[in-house]
Amino acid sequence: MRGRIPAGAVTPRTACEGVRALQRPDWAPETIDVERPSVARMYDYYLGGSHNFAADRAAARAMVAAVPEAPLMAQANRAFLRRAVQFLTTAGVRQFLDIGSGIPTVGNVHEIAQRHAPDSRVVYVDVDPVAVAHSREILAGDERATIVQEDFRHPERILAHPDVRALLDFSQPVAVLVVAVLHFVADDDRPAEVLRTLRAALAPGSYLILSQASDDGRDETQRAEAEEVYRRTDNPLWVRSRAELTAFFDGFELVEPGVVWVPQWRPETPESAEDAERAVFLGGVGRLGG
Ligand SMILES: C[S@@+](CC[C@H](N)C(=O)[O-])C[C@H]1O[C@@H](n2cnc3c(N)ncnc32)[C@H](O)[C@@H]1O
């Protein structure tokens, strides 16, 4: 049957046993539980990164068994993020607040933005200790980019954080990115209210970039299996429809082509937008008028 984990595949239990024998690498803070899969490290694995442990890899492989497009999904989402940031730098935006920024990988927001406009300033925010530690390491010496350990669900703490205030001027446009994060935020955590709080702090001409996993047109079994995998982490999956993601742009004017499968958002070539729904992620960019 499609999507079942094959017999003999690495299970979290065997993976965890392997982890115990390993030395903790120096990029891994003492506080983290290497035996519990983390969504940040699973995503790092999908992207071919090396900041993950056996438990993360086992969970990611179980996800690939359920949804074979998972690595493609991560790559398509990163490509969307790159095109969206390029679009914004061309539009003149020089400040970025990237919430749920993840473990640094190829093409981080500050690299894309500063390549085009070296004066761009970027604040990354993530809850994951590995994402924070590794970001801190690669950003050392960059006075225009920093990382703050905070939770999307506490926007007032993010907005008031001294490092955020030191780098970003909220009287000028800021692009807020919440990319591939909302599917880890349940409706009970009031994501729409969080986005409204962020919007209220922004100047006209600011932007919101969102993407998230969607179950539109997808097989129910696959969704249930994916949810099962992510229940092993601290961030259960909360997939949403196109209408639900579109509603998160309340107060913003959607930039063309609106909320679409991420490969369809301003593709660089027509071929790169083919079979776009296989990317599983919907995304869009909104502009704050005024
Ligand atoms: C799938 S990764 C996305 C990384 C990056 N934004 C991208 O699109 O490539 C999701 C990230 O969101 C972070 N995350 C999940 N829930 C969060 C929350 N409530 N607040 C801040 N970060 C969160 C995870 O730690 C992880 O690094």
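Here the structure is a predicted model, which is why all the values come from computation and not from measurement.

*Asks:* Mind laying out the overall build of the protein, listing which residues take part and the relevant values?
*Replies:* Tallying secondary structure elements over the protein gives 11 helices and eight strands in all. Here the C-alpha atoms of the protein give a radius of gyration of 18 Å, agreeing with the 19 Å that 2.2 N^0.38 yields for 290 residues. With the C-alpha coordinates aligned to their principal axes, the bounding extent of the protein is approximately 55 × 40 × 35 Å. Buried positions account for 52% of the 290 residues belonging to the protein. The contacts of the protein with a sequence gap of at least 6 include a subset with a gap of at least 24, amounting to 72%. Between the averaged position of the 32 positive side-chain charges in the protein and that of its 42 negative side-chain charges there is a distance of 1 Å.

*Asks:* So, the site of the ligand: which residues are in play, and what are the values?
*Replies:* For the ligand, the set of nearby residues contains 20 residues, the closest of which are Tyr43, Arg78, Gly100, Asp126 and Val179. A distance of 2.6 Å separates an oxygen atom of the ligand from a polar atom in the side chain of aspartate 126. In this structure, valine 179 approaches the ligand through a main-chain N or O atom, which is 2.8 Å from a nitrogen atom. Relative to its free-state accessible area of 600 Å², the ligand is covered by the protein chains to the extent of 98%. Of all the elements in the fold, those that place two or more residues in the shell around the ligand are helix H2 (39-46) and helix H4 (70-90). Per-element tally for the shell around the ligand: the top contributor is H2, with three residues. Of the residues contributing to the shell around the ligand, the split by class is nine nonpolar, five polar and six charged.

*Asks:* Pulling in residues and values, what's your account of the pairing of strand E1 (residues 95-99)?
*Replies:* Taking burial as the measure, the five residues of E1 include five buried ones, the bulk of the element. Relative to strand E2 (residues 121-126), E1 is paired through five bridges, and the arrangement is parallel. Residue pairing across strands places isoleucine 99 opposite valine 125, the latter belonging to E2. Considered for its hand, the β-α-β crossover made up of E1, helix H5 (residues 109-116) and E2 is right-handed.

*Asks:* Please give an account of the pattern of salt bridges that cites residues and values.
*Replies:* Considering all chains together, one arrives at 15 salt bridges under this definition. Note that arginine 82 and glutamate 268 form a salt bridge whose closest N and O atoms lie 2.9 Å from each other. Placement of the pair is arginine 82 in helix H4 and glutamate 268 in the loop between strand E7 (260-261) and strand E8 (281-287), with a sequence separation of 186 residues. The partner of aspartate 215 in a salt bridge is arginine 223, and the shortest N-O contact between them spans 2.9 Å. For aspartate 215, a relative accessible area of 23% translates into the label partly exposed. A relative accessible area of 26% places arginine 223 in the partly exposed class. One network of salt bridges, with partners in common, ties together Asp215, Glu220, Arg223 and Glu227.

*Asks:* How would you sum up the packing of H4 against H5? Please name residues and give values.
*Replies:* One way to put it is that H4 packs onto H5 with a least axis distance of 9 Å and a crossing angle of 35°. Pair H4 / H5 crosses with right-handed handedness. Of H5, the residues touching H4 (which contributes Leu81, Arg82, Val85, Gln86, Thr89 and Thr90) are Val109, Ile112, Ala113 and His116. Residue composition of the contact of H4 with H5, by class: five nonpolar, four polar and one charged.

*Asks:* I'd love a proper account of the side chain of arginine 83, names of residues and values included.
*Replies:* Positionally, arginine 83 belongs in helix H4. Within the structure, arginine 83 has its side chain in polar contact with the backbone oxygen of arginine 266 (distance 3.1 Å). Every residue in contact with arginine 83, bar those within four places of it in the chain, is listed here: Val262, Pro263, Trp265, Arg266, Pro267 and Glu268.

*Asks:* Outline the packing of aromatic side chains, supporting the account with residue identities and numerical values.
*Replies:* Inspection of every chain in the model, using the stated rule, returns five aromatic pairs. Ring geometry for tryptophan 27 against phenylalanine 53: centres 5.3 Å apart, planes inclined by 35°, an arrangement best described as tilted. Of this pair, tryptophan 27 sits in the loop between helix H1 (12-20) and H2 while phenylalanine 53 sits in the loop between H2 and helix H3 (54-66), and the two are 26 residues apart along the sequence. We classify phenylalanine 53 as buried; its relative accessible area is 5%. Judged by centre distance (5.8 Å) and plane angle (40°), the ring pair of phenylalanine 184 and tyrosine 230 falls under tilted. Here the residue phenylalanine 184 occupies a position in the loop between strand E4 (175-179) and helix H9 (191-200), and tyrosine 230 occupies one in helix H10 (residues 220-230), the gap between them amounting to 46 residues. Side by side, phenylalanine 184 and tyrosine 230 carry an identical accessibility label, which is buried. Among the aromatic residues, those joined into a ring-pair cluster are Phe80, Phe87, Tyr207 and Trp265. The lysine or arginine in question, arginine 266, covers the ring of tryptophan 265, its NZ or CZ lying 5.3 Å from the ring centre.

Thresholds, definitions, all that
- Residues numbered from 1 in each chain as written.
- Predicted model: local features only at pLDDT ≥ 70, side-chain atom pairs only at ≥ 80, totals over all residues.
- Heavy atoms only, no water.
- Helix = DSSP H or I, 4+ residues; strand = E, 2+ residues; numbered from the N terminus.
- Rg over C-alpha atoms; globule rule 2.2 N^0.38 Å.
- Buried < 20%, exposed > 50% of the residue type's maximum accessible area, 1.4 Å probe, protein only.
- Contact = heavy atoms within 4.5 Å.
- Lys, Arg positive; Asp, Glu negative; His and termini not counted.
- Charge placed at Lys NZ, Arg CZ, Asp CG, Glu CD.
- Near = heavy atom within 4 Å.
- Polar contact = N/O pair within 3.5 Å; in protein donor to acceptor, adjacent residues only side chain to side chain.
- Areas by Shrake-Rupley, 256 points an atom, 1.4 Å probe, with all protein chains shown as cover.
- Nonpolar A, V, L, I, M, F, W, Y, C, P; charged D, E, K, R; others polar.
- Pairing = 2+ DSSP bridges.
- Right-handed = clockwise from strand over helix to strand, strands pointing away.
- Salt bridge = Lys/Arg side-chain N within 4 Å of Asp/Glu carboxyl O.
- Axes fitted to C-alpha atoms, helices over the stretch in contact; angles between N-to-C directions.
- Left-handed = near helix turned anticlockwise from the far one by under 90°.
- Phe/Tyr/Trp six-rings, centres within 6.5 Å; stacked < 30°, edge-to-face > 60°.
- Lys NZ or Arg CZ within 6 Å of the ring centre and 35° of its normal.

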